[in-house]
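An overview of the molecular structure
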Amino acid sequence: MQKKIVVLGSTGSIGCNTLEIVQNFPKDFKITGISGNKNYKLLAKQTKKFVPKYAVIGKEYEQNLKKEIGRTKTEILTGMDGLMEISSLPEVKMLVVALVGAVGLKPSMAGIKTGKDLALANKEVMVMAGELVRSAVKKYGTKILPIDSEHSAIFQSLDEKNLDAVNNLFLTASGGPFLNFPPNKMHLITVKEALQHPRWKMGKKVTIDSATLMNKALEVIEARWLFDMDFSKIKVLVHPESIIHSMVEYIDGSIIAQLGRTDMRIPIQYALTYPKRKKTHINHLNWEETKELRFSLPDEKKFPCLKYGYTAGKTGGTMPAVLNAANEIAVNNFLKGNIKFTHIPKIVKYCMDNHVVVRKIDMDEIIKADKWAQDFAENYIKMNHDK
Ligand code: MG
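Each value, and the rule that gives it
- Residues numbered from 1 in each chain as written.
- Predicted model: local features only at pLDDT ≥ 70, side-chain atom pairs only at ≥ 80, totals over all residues.
- Heavy atoms only, no water.
- Donors = N, O, S within 2.8 Å, 3.2 Å for Na, K, Ca; no water.
- Helix = DSSP H or I, 4+ residues; strand = E, 2+ residues; numbered from the N terminus.
- Buried < 20%, exposed > 50% of the residue type's maximum accessible area, 1.4 Å probe, protein only.
- Pairing = 2+ DSSP bridges.
- Axes fitted to C-alpha atoms, helices over the stretch in contact; angles between N-to-C directions.
- Right-handed = clockwise from strand over helix to strand, strands pointing away.
- Contact = heavy atoms within 4.5 Å.
- Domains from an automatic or database assignment.
- Buried area = accessible area lost by both parts, 1.4 Å probe.
- Polar contact = N/O pair within 3.5 Å; in protein donor to acceptor, adjacent residues only side chain to side chain.
- Nonpolar A, V, L, I, M, F, W, Y, C, P; charged D, E, K, R; others polar.

Once that is clear, we can look at the coordination of the magnesium ion. Those donors, Asp 148 (OD), Glu 150 (OE) and Glu 219 (OE), are the protein atoms that reach the magnesium ion, and they lie 2.1 to 2.2 Å from it. Sequence positions of the residues that donate to the magnesium ion give the spacing D-x1-E-x68-E. With Asp 148 in the loop between strand S7 (144-146) and helix H7 (149-157) and Glu 219 in helix H10 (residues 214-226), this residue pair connects regions lying 71 residues apart in the sequence. For the pair Asp 148 and Glu 219, one class covers both residues: buried.

Right, here's the structure in full:
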């Protein structure tokens, strides 16, 4: 029987890869809903190809999308209401959350509450509300299948029956494009340079986050909640070849790792087919080309975002949401050319330093903290970096 799937963020890099996998296994999956924000041309193409029951687009692009599609059986919905509707469809078994940023939080919760398994690429959901998401998953008896490559690796290496015997989780980091960049020249980094990731092909936001190591900071918090592991057991290791995607170290000294090519289609496919594995058309790792595997500890002075991630995570409450929102705004402004690369961690720190943490959280508190940090960061940038 075909598993019915909704893909939130189908026009992004993860979304497109997901649809490609679905296309490779037409007997196994059926796309019931897709969504895009602005890219109505691509969403129209996907709608014509997969003929889902629903397609969701940002409100202001509704007419463009309808015109582009022409006659169709697909119902067009818009905005957050549309996302919530397709995330709650009773016939759907799996929600692929490939949105970027805080926008994925509410639809993810709606999916869990209506009994869906989540294939989660949108790490901000776990960063902002990991505790709430974790308890909702437990209450409604669903699963989260991580798509983030590091978390997929840990998910595959973790022995569920021996969680007490886990000594450390090692999240590997490529180190990004500036691993060997002179620390005193970091303020000169251009947007173009920051968008050149040495290993992974990804969307803009996560590529910049990889360059600042904020991506790893968010992934540490994500791992905390996905695997219910204390921060003291979550370590980051720089591994420029990105062949080991992450590992689990047990108390007996054994280390179990997942290795493979740097191709997001591998973790996406595993999340979709779990607990089964299926043959892929992707080239496998070529050991003749694999000359060496290097490791080093991250330089927290040069990449302070990593440290801020641990601080925010350990502080808990609304602080991770603030870290995430301040970073979203800072990255946006960097991409627009409004601020320097080195301003990103400064803005994040400034927001964290000025935030009054709310410890007992619910969805409203998280959304309030997210909004507060966005406004606070924007104001700070306006005051200090007006061109
Ligand atoms: Mg990752």
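The next thing to look at is the sheet that holds strand S3 (residues 54-57). The sheet built from 7 strands is open, its strands ordered S4-S3-S2-S1-S5-S6-S7 with parallel pairing. Each having just a single partner strand, strand S4 (75-78) and S7 make up the two edges of the open sheet. Looking at each pair of strands side by side, their axes are set apart by 25° on average, direction ignored. Examined bridge by bridge, strand S1 (residues 3-8) and strand S2 (residues 29-35) share 5 bridges and lie parallel to one another. Residue pairing across strands places Val 7 opposite Ile 34, the latter belonging to S2.

Time to look at the pairing of strand S6 (residues 117-120). Along S6, one buried face is formed by Asp 117 and Ala 119 and the opposite face, lined by Leu 118 and Leu 120, is buried too. Summarising the sheet, strand S5 (residues 94-97) and S6 pair through 4 bridges and their orientation is parallel. Looking across to S6, one finds that Val 96 is bridged to Ala 119. Crossover S5 to S6 through helix H5 (residues 105-113) is right-handed. Of the strand pairs in this sheet, S6 and S7 are connected by 3 bridges, and their pairing is parallel. Residue pairing for S7: Leu 120 is matched across the bridge by Pro 146.

Looking now at H7. Along H7, 7 of the 9 residues are buried, which leaves the element largely enclosed by surrounding structure. Of all the positions in H7, only Ser 149, Glu 150, His 151, Ser 152, Ala 153, Ile 154 and Ser 157 are classed as buried. In the core, the buried residues of H7 are packed alongside S7, strand S8 (166-173), H10, strand S10 (244-250), strand S11 (255-259) and helix H11 (265-273).

Moving on, we come to the domain arrangement of the chain. Segmenting the chain into domains produces domain 1 (3-146), domain 2 (148-175 + 213-298) and domain 3 (183-205 + 306-387). On a C-alpha basis, the centres of domain 2 and domain 3 stand 25 Å from each other. The partner domain 3 presents 14 residues to the 21 residues of domain 2 that form the contact. Summed over both partners, the interface of domain 2 with domain 3 buries about 1500 Å², with 73% contributed by carbon and sulfur atoms. Of all residues in domain 2, the largest losses of buried area upon contact with domain 3 belong to Met 214, Ile 221 and Phe 231, amounting jointly to 34% of the total for that side. Inspection of the region where domain 2 meets domain 3 yields 2 residue pairs in polar contact (both at pLDDT 80 or more). Elements with a contribution of two residues or more to the side of domain 2 that touches domain 3: H10 and strand S9 (234-238). Residue composition of the side of domain 2 that touches domain 3, by class: 12 nonpolar, 5 polar and 4 charged.

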